[in-house]
Amino acid sequence: MCIRKAILHKKQLKDSHAKPFFSLKLKWSVGTGIGVLLIFAVFSVLLFQSFSSLLLNQEKQYAQEALDTAVESLATNTKELTQDRAEHSLSLRIHNERNIKELQTLYSSSFYTSLTRENISISVYNLSNEMVFASRDVPVKFDRVEVTEESKIKHTSAYNVLVLGKKVFSEKDKHLIGYVQVTNDLVNYGQTRRKLILIFLVFSLIAAIGIALLSYGLSSWLLEPIDLINDTIGKINGDDESDALANLRVPELKHEDELAELGRLFNKMLDRMQRYIEQQQQFVEDVSHELRTPVAIIQGHLSLLKRWGKDDPAVLDESIESSLQEIARMKSLVQEMLDLSRAEQVEIQFGKEITDAKEVGLQVFNNFQMIHPDFTFVLDDDLKDITNVQIYRNHLEQVLIILMDNAVKYSRERKEVHMTLSKNINDIDIVIQDFGEGISQENIDRIFDRFYRVDKARSRDKGGNGLGLSIARRLIEGYHGRLVVESAVGQGSVFRVSLPLVKNKDNKK
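Residue positions are counted from 1 within each chain, in the order its sequence is given. Given that the model is predicted, a residue must reach a pLDDT of at least 70 before its local features are reported, and side-chain atom pairs must reach 80 or more before they are shown or counted; all residues, however, enter totals for whole chains, interfaces and linings. Note that the side-chain values use all heavy atoms of the structure and ignore hydrogens as well as water.

## Description of the overall build of the chain
Our working definition: Per the convention used, a helix needs a DSSP run of H or I reaching at least four residues, while a strand needs a run of E reaching at least two, with both numbered from the N terminus. Residue exposure (1.4 Å probe, protein chains only): buried if accessible area is under 20% of the type maximum, exposed if over 50%, otherwise partly exposed. In this description, contact between two residues means that some pair of their heavy atoms is separated by no more than 4.5 Å. Note on areas: these come from Shrake-Rupley sampling with a 1.4 Å probe, and a residue is covered only by the protein chains present in the view.
Secondary structure summary: the chain contains 15 helices and twelve strands in total. Residue burial in the chain is summarised as follows: out of 509 residues, 37% are buried. Pairs at least 24 apart in sequence give 66% of the contacts found in the chain among residues at least 6 apart. Here the chain has roughly 30800 Å² of accessible surface; of this, 56% comes from carbon and sulfur atoms.

## A look at the pattern of salt bridges
Cut-off, in case you're wondering: Should a side-chain nitrogen of Lys or Arg be within 4 Å of a carboxyl oxygen of Asp or Glu, the pair is scored as a salt bridge.
Within this structure, the stated rule accounts for seven salt bridges. Of the charged contacts, one joins Lys 358 and Asp 381 as a salt bridge, the two residues approaching to 2.4 Å between their closest N and O atoms. Of this pair, Lys 358 sits in helix α11 (residues 357–371) while Asp 381 sits in strand β7 (residues 376–381), and the two are 23 residues apart along the sequence. What makes Lys 358 buried here is its relative accessible area of 17%. Relative accessible area serves as the criterion here: at 21%, Asp 381 is assigned to the partly exposed category. Among the ionic pairs, Arg 482 bridges to Asp 427, the shortest N-O distance being 3.9 Å. Of this pair, Arg 482 sits in strand β11 (residues 482–488) while Asp 427 sits in strand β10 (residues 427–434); the two residues are 55 residues apart in sequence, bridging distant segments of the chain. Overall, Arg 482 belongs to the partly exposed group, its relative accessible area being 45%.

## Re the pairing of strand β1 (residues 120–125)
Rules: The criterion for strand pairing is that DSSP finds at least two bridges linking the strands in question.
Across the six residues that make up β1, a large majority, six, are buried. With burial as the criterion, each face of β1 is covered, one bearing Ile 120, Ile 122 and Val 124 and the other bearing Ser 121, Ser 123 and Tyr 125. In terms of strand pairing, β1 meets strand β5 (residues 176–184) through six bridges, oriented antiparallel. Across the sheet, Ile 120 pairs through a bridge with Asn 184, a residue of β5. Where β1 meets strand β2 (residues 131–134), three bridges bridge the pair, whose relative direction is antiparallel.

## Concerning the sheet that holds strand β9 (residues 416–423)
Threshold: Note on method: axes are straight lines fitted to C-alpha atoms, helices fitted across the in-contact stretch only, with angles between N-to-C directions ranging 0 to 180 degrees.
Reading across the sheet, the five strands line up as β7-β9-β10-β12-β11 and stay open at both edges, with mixed pairing between neighbours. The outermost strands of the open sheet, each flanked by one partner alone, are β7 and β11. Recorded for the sheet is a direction-independent mean angle of 15° between the axes of neighbouring strands. Bridge analysis of β10 against strand β12 (residues 492–500) gives seven bridges, and the strand direction is antiparallel. Its bridge partner being in β12, Val 431 is matched across the sheet by Arg 496. Each of β7, β9, β10, β11 and β12 touches helix α12 (residues 393–409); the most contacted strand, β10, lies at about 25° to it.

## Concerning the environment of Leu 67
Relative to the helices and strands, Leu 67 resides in helix α2 (residues 24–74). Residue classification places Leu 67 among the buried positions, given a relative accessible area of 0%. With 115 residues separating them along the chain, Leu 67 and Val 182 place their C-alpha atoms 6.0 Å apart.

Put into structure tokens, the structure is as follows:
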């Protein structure tokens, strides 16, 4: 047994390593983290574009203000711009703005502020394209063909440059006296964009990791029933003891949700499986016991005939008769076992069959009246019209024959059997009542088990194998009906068959 367990454990380890295992919690956490990362990335991109557009518009505004102010100052000249005239005009502009706003700070002058910005450069050119003035180094070459007030972004080896240009006309006679170009190297703009990218990237990663960890913790708590079910299944699979299924259950959970309900349903399934296993074991034991007796009887008679009984006509006749009886009983047993097996598949094979319950009930009642003239049969029929139920006709007839036959077999002094046919809104009820020996409460819950007999000696004498009621219940439950019993010792039993009505025009209420 130890060697077998070791081999099984080795095989399970091999199977577990054959295919990588990713837990649902890990998938949930990673998926949630990636989802949050994507959502945050989309949000970050939109926000980044908005900030970038705002910053770029601000840089364009600074450059435009510097350009407009420079052109306004230089337009006071009447001749072509030179270095002295450009410097004089621009310095006078600064001086005048200082005088006008003497109570304010020096940086209140828009033009002076533009000149003091590190990234903005103002350059003045004469009509020959020669630079006569520059506030700082000019990062791009001047081309009067490209002179326009529309901003353009040019690429240099180190950074991008925003370029604006304008022709300067004299205020006096409106003739062209030169050109002004304003450049903004956008270094601060680029640095700010990179900082925003870094900030958004860090926040996205932190959010994704945080959400993933939170999701992992939350999923661990929510999926606790799944882990408990897995542990229970693993213990059942790894336990060779026959009572493993009877002892192992999923622990009861405190919180109420769908997964807790799943745990309870799993426990109910294990309970049902345990009952099936016990019934199967009992079934095998009972079949072995039932078949052992007739086989032993037949073997005994054949051995007797082989030794000396074949020469004695009386012994020969008795042995052959007894053997035939046992063979007939085995044949009946095998047939009932086949009926029981088929009863478990009625929903698949006969799920759409429709039968008139009133007609079948009357037929079975009349047949038993004919074959048992010594009994009194009483019929209480409340069904006035055709009453269709969803069941195969032969199966309904078989169930009623089983119940009527049991009522006749187990009647004592009062040989009387009652049959009642009635219906309500949803179901039809067929009730069969006898006044025989009855069933004790100790046995009433087991009479539908396979091969179970309340009084095995009496049942054998009456030709029963203990399968009839089991077949009847399986057939009725296969058609979504119910078969229940009420009984009292010494007073008789009442068996009630309930089947759903087929609601159509033939079933009149």
